[in-house]
Amino acid sequence: MDWWQAAGAILSAAAILILTGVPACAAAGARGITLWASSGPAAVSIASVAAVVLGSTGFALTPLAVAVAAAAAAVLVLLVRLTIRRLRPVPPSGLFQGTFDWQSALRLGIVCAAIGLLLFRLMSVFGRMENISQTLDNIFHLNLARYILDTGNGSALTAGRITDPAVDFAFYPAAWHDAVALTSVMSGAELPAAASAVNLVIGAVLWPLGVILLGTILAGNRPVVWAVSGLLAGAFPAFPYLMVDFGVLYPNYLSIALLPTLLALFAGGMRKGSLRIHISTFWLLFAVGLPGLALAHPSALLALIAFTLPLVVSILWSGTRDRSSSALKAALQFCLPWAAVAAYLAGVVYVWQHLRPNMDGVVWEPFMDPAQALGEGFLNAPFDLPVPGLIAVLTAVGIGRTLFARRNAWTIGVFGVGVALFTIAAGFPWSDFRTAVVGNWYNDPPRLAALLPLAAIGVVVVGGTFVIDWCTIRLGALAGKGRGREWTPEQETTFLAKPAGVLTGLLLAAAMGWAGQQASVQSAVARASLNYELSDTSKLLSADEEELLSRVGKLVPADATVVGNPATGASLVYALADRKALTPHVFWASDPLVSLVLDHLDEAAPGSEVCAAVEELNAFYALDFGTLGVHGEVPRFPGMDNLEANPGFELVEQVGDARLYQVIACGQG
């Protein structure tokens, strides 16, 4: 499938992940970039909460059901808004709002350029729409999407049942999988293409829109701020590229893409924003988007708490500096903010301790010493990637500018929190302290590395905007001097808002965006693309194995269960051929019948206990993909040794070394 042929799938993914949230956000009073950026988290909330409700009531998750949920959410938000008497929203100028002037046209062009840049990079990673990530976790992700299609149940409260059907409650963040299943239904695309479409919308649309919104909160609503924010959103090697490479961690990928928007809405709600919009709108939008963040991945909720802590502390600290002449009022003004900080910290500690995964069997050791981890975190160059020189420079400039201007100092705290979390995960030895701080991310350095761009984007946008404004003013002043006119400071400032100044700034921002796409990003894209290549030596599925899976649907009955080693990719028969896999993931709950088949299938004989298990499970077919797994050689299941020489098995189809067998020792399946 060519990329242009995938337009239907991409548009369907955009409808699920963006348009679903537009009515609710518009009902909250959002306009312009606030509307379009906040629609992403809102859409994820609506779809994933609808999935939970529908799953609990026995109804199927369908695009129509999500559309009904979107309408209901819009009505509910509107009712809440109408009850807030003081709500007087003043919409910001921007994309698709008010009069469409020349600056609005520029903003629209900037958004298209930012999206186009990231689309190009992510398409380079995926190669083809049908390509899948050749990584271990993708077995689970694609099979869970198929499970949602088959059962109609996309509830995060029961998603984990795919590997343990016996339990009633098995939470797993399923927002990404819901989006893939819904996209597949809407567009008719197969699951791999639907997954690629969803991933393109997440990384190339949701992420830059959120970064642009955060940039306008910090540095104003000027076109040059949009350009700096949007074009630099794709200049970090750690996100979005790392999250479609390592793992693969698609739920984390979705949740991190939502974080810039929610951080911006929180800042606006705390009166730190420069957008002219009522505070109530910010909080309504934040409340609508928050469930989606939690159901995309709970660790992102903890990241949001950590990144908002510097903002809360800075606001409360500034409150203690305004002292009343009354001693009692002065004491209250000093004590109450710090009491609020203490309460907030207590809440953070409580959530940090209780909202964490099971750490049994987690063995993520540090990758480097603390000094190297600190350096890589500060430079936004984790795991031996080339240093993104532009980002490193703008980080330093942004920190300096923030300190000098005494504005947005909390962004330095956000950057410090992100670097500290990564340093502890990547550089500190295994200890109770390390687990207490970063155990919410399984002590896993790549998950924390993916947060570094979000941690740095605030100071980077401030630094980039300052550099471009300074250069624009200098160029304008030189042009004026060449015509025999000396500029006053007032003229220098007003030049930035004039068409010549705006266009000059945008040209400089374009040059900055080009500089941000050099060695570091190119290296990250090249590294990630290796995991999507399909060849005879692909780690999860070889070309022969994929070809055999494409034929399984015509060779195996629809109600059959297929035996295979999930570590070799055989379990993807469920996702790619719509035939149930006996073991849908490398990690599955122990079951006596399943274990009996896996250990003794080659001993099947009429009337045997093995045949009784095969008949009960309807597991009359087996895929043999050899012993090459994602992480190298894997042992065969004892019950699948030497099937080619076993008279109880018949070879149904073979492509290269990939074989499909039918169990004939127990009778016809």
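In what follows, the structure referred to is the one given above.
Residues numbered from 1 in each chain as written. Predicted model: local features only at pLDDT ≥ 70, side-chain atom pairs only at ≥ 80, totals over all residues. Heavy atoms only, no water.

Caption draft 1: Focus on a nonpolar patch on the surface. Taken together, Val-75, Leu-78, Leu-79 and Leu-82 make up a surface patch of nonpolar side chains, about 380 Å² in accessible area. Mapped onto the elements, Leu-79 comes out in helix H4 (residues 63–83). (Patch = residues over 30% accessible without salt bridge, like charges linked within 9 Å, V, L, I, M, F, W, Y side chains within 5 Å. Areas by Shrake-Rupley, 256 points an atom, 1.4 Å probe, with all protein chains shown as cover. Salt bridge = Lys/Arg side-chain N within 4 Å of Asp/Glu carboxyl O. Helix = DSSP H or I, 4+ residues; strand = E, 2+ residues; numbered from the N terminus.)

Caption draft 2: Region of the structure containing the nonpolar core. One finds Ile-202, Leu-254, Leu-259, Val-563 and Leu-623 to be the most contacted residues of the largest nonpolar core, which totals 215 residues. A per-element tally of this core places helix H8 (residues 191–219) first, with 20 residues. Setting aside its immediate chain neighbours within four residues, Leu-254 contacts Val-44, Ala-175, Trp-176, Ile-202, Leu-206 and Ala-296. (Core = buried A, V, L, I, M, F, W, Y, C linked by side-chain atoms within 4.5 Å. Buried < 20%, exposed > 50% of the residue type's maximum accessible area, 1.4 Å probe, protein only. Contact = heavy atoms within 4.5 Å.)

Caption draft 3: Seen up close, the sheet that holds strand E2 (residues 580–581). Judged by pairing direction, the sheet is mixed, and its 5 strands sit side by side in the order E2-E1-E3-E7-E6 without closing on themselves. Looking at which strands have only one partner, the edges of the open sheet turn out to be E2 and strand E6 (649–655). Pairing of E6 with strand E7 (residues 658–663) involves 6 bridges; the strand directions are antiparallel. When the sheet's bridge partners are listed, Glu-650 is paired in E7 with Gln-662. Across the sheet, helix H23 (residues 543–555) touches strand E3 (621–624), E6 and E7, and the angle it forms with E6 is around 125 degrees. (Pairing = 2+ DSSP bridges. Axes fitted to C-alpha atoms, helices over the stretch in contact; angles between N-to-C directions.)

Caption draft 4: Examining the environment of Ala-51 more closely. If you trace the backbone, Ala-51 turns up in helix H3 (residues 32–57). Looking at Ala-51, the relative accessible area reads 0%, which means it is buried. As for Ala-51 and Ala-175, which are separated by 124 residues in sequence, their C-alpha atoms are 8.7 Å apart. Those residues in contact with Ala-51 that lie beyond four places of it in its chain are Leu-61, Gly-154, Ser-155 and Asp-178.

Caption draft 5: Geometry of the side chain of Ser-38. Within the secondary structure layout, Ser-38 lies in helix H3. Separated by 2.5 Å, the side chain of Ser-38 and the backbone oxygen of Thr-34 make a polar contact. (Polar contact = N/O pair within 3.5 Å; in protein donor to acceptor, adjacent residues only side chain to side chain.)

Caption draft 6: Fine view of the layout of surface pockets. Here the second largest pocket is characterised by a volume of approximately 600 Å³. What lines the second largest pocket is a set of 24 residues, among which Ile-162, Pro-165, Lys-580, Ala-581 and Leu-582 lie closest to the centre. Elements supplying a minimum of two residues to the lining of the second largest pocket: helix H6 (137–151) and E2. In terms of residue count, the dominant contributor to the lining of the second largest pocket is H6 (3 residues). (1 Å grid on protein atoms, 1.4 Å probe; cavity = no way out; pocket = protein on both sides within 12 Å on 5 of 7 lines; lining within 4 Å. Points joined across faces, edges and corners; volume = space filled by probe spheres on them.)

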